[in-house]
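One letter stands for each residue in the lines below.
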Amino acid sequence: MLLTCPNCKTKNFLDPYPFWNFKGTTKCAGCAKIWRIETSSGACVKGPDAADGQPDLLPGFAEKQDYSPISGPGLTRPAPRARKDAVCKPIPIQRNIRGNAVSGRPLKKEDLIGSRPKFIAGRK
Ligand SMILES: [Zn+2]
């Protein structure tokens, strides 16, 4: 979805998933004005109306009228991550019920003693 700012004509791209059915405020990445919008099934049904305060959700991406991109902290939302607990960190080590490490990092060599290679052996 696209929110063209009535104030500065910046095109704010609103991610379909969080803004699909949305009622609240977002912030223009170009001029920092707060807009109240209401969407239903991915279409804007109300707004944009001028508002103030903190935005509920930031646009995913924005570009100026000359197509130069705008993004960054406080202007647009960071991309969603699959595992919030492991962003820029080692993957947490998980252990099976016997206490042996089965996945994660960093594993030491002694963590792997007793583990089996993962393949399916054919029976004879
Ligand atoms: Zn604007």
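Residues numbered from 1 in each chain as written. Predicted model: local features only at pLDDT ≥ 70, side-chain atom pairs only at ≥ 80, totals over all residues. Heavy atoms only, no water.

K.L.:
Hey, could you run me through the overall build of the protein chain in this one?
P.N.:
Of the regular secondary structure elements, the protein chain holds one helix and nine strands. Counting helices and strands in the order they occur from the N terminus, the protein chain gives β-β-α-β-β-β-β-β-β-β. A compact globule built from 124 residues should have a C-alpha radius of gyration of about 14 Å, whereas the protein chain, at 23 Å, is more than 25% larger. Seen along its three principal axes, the alpha-carbon backbone of the protein chain occupies a region of about 70 × 30 × 30 Å. Across the 124 residues in the protein chain, those meeting the buried criterion constitute 24%. (Helix = DSSP H or I, 4+ residues; strand = E, 2+ residues; numbered from the N terminus. Rg over C-alpha atoms; globule rule 2.2 N^0.38 Å. Buried < 20%, exposed > 50% of the residue type's maximum accessible area, 1.4 Å probe, protein only.)

K.L.:
It is not clear to me how the packing of aromatic side chains should be interpreted in this structure. Could you clarify?
P.N.:
The description of an aromatic ring pair rests on the distance of the ring centres and on the angle between the ring planes. Summed over all chains, the structure comprises two aromatic pairs. Where Phe13 meets Phe61, the ring centres are 5.9 Å apart and the plane angle is 35 degrees; that geometry is what we call tilted. On the criterion of sequence distance, the pair formed by Phe13 in strand 2 (residues 11-13) and Phe61 in strand 6 (residues 61-63) is long-range, its members being 48 residues apart. For Phe13, a relative accessible area of 30% gives the class partly exposed. A ring pair is formed by Phe19 and Phe22, whose centres lie 4.7 Å apart and whose planes are at 65 degrees; its orientation type is edge-to-face. According to the relative accessible area criterion, Phe19 is buried, its value standing at 0%. (Phe/Tyr/Trp six-rings, centres within 6.5 Å; stacked < 30°, edge-to-face > 60°.)

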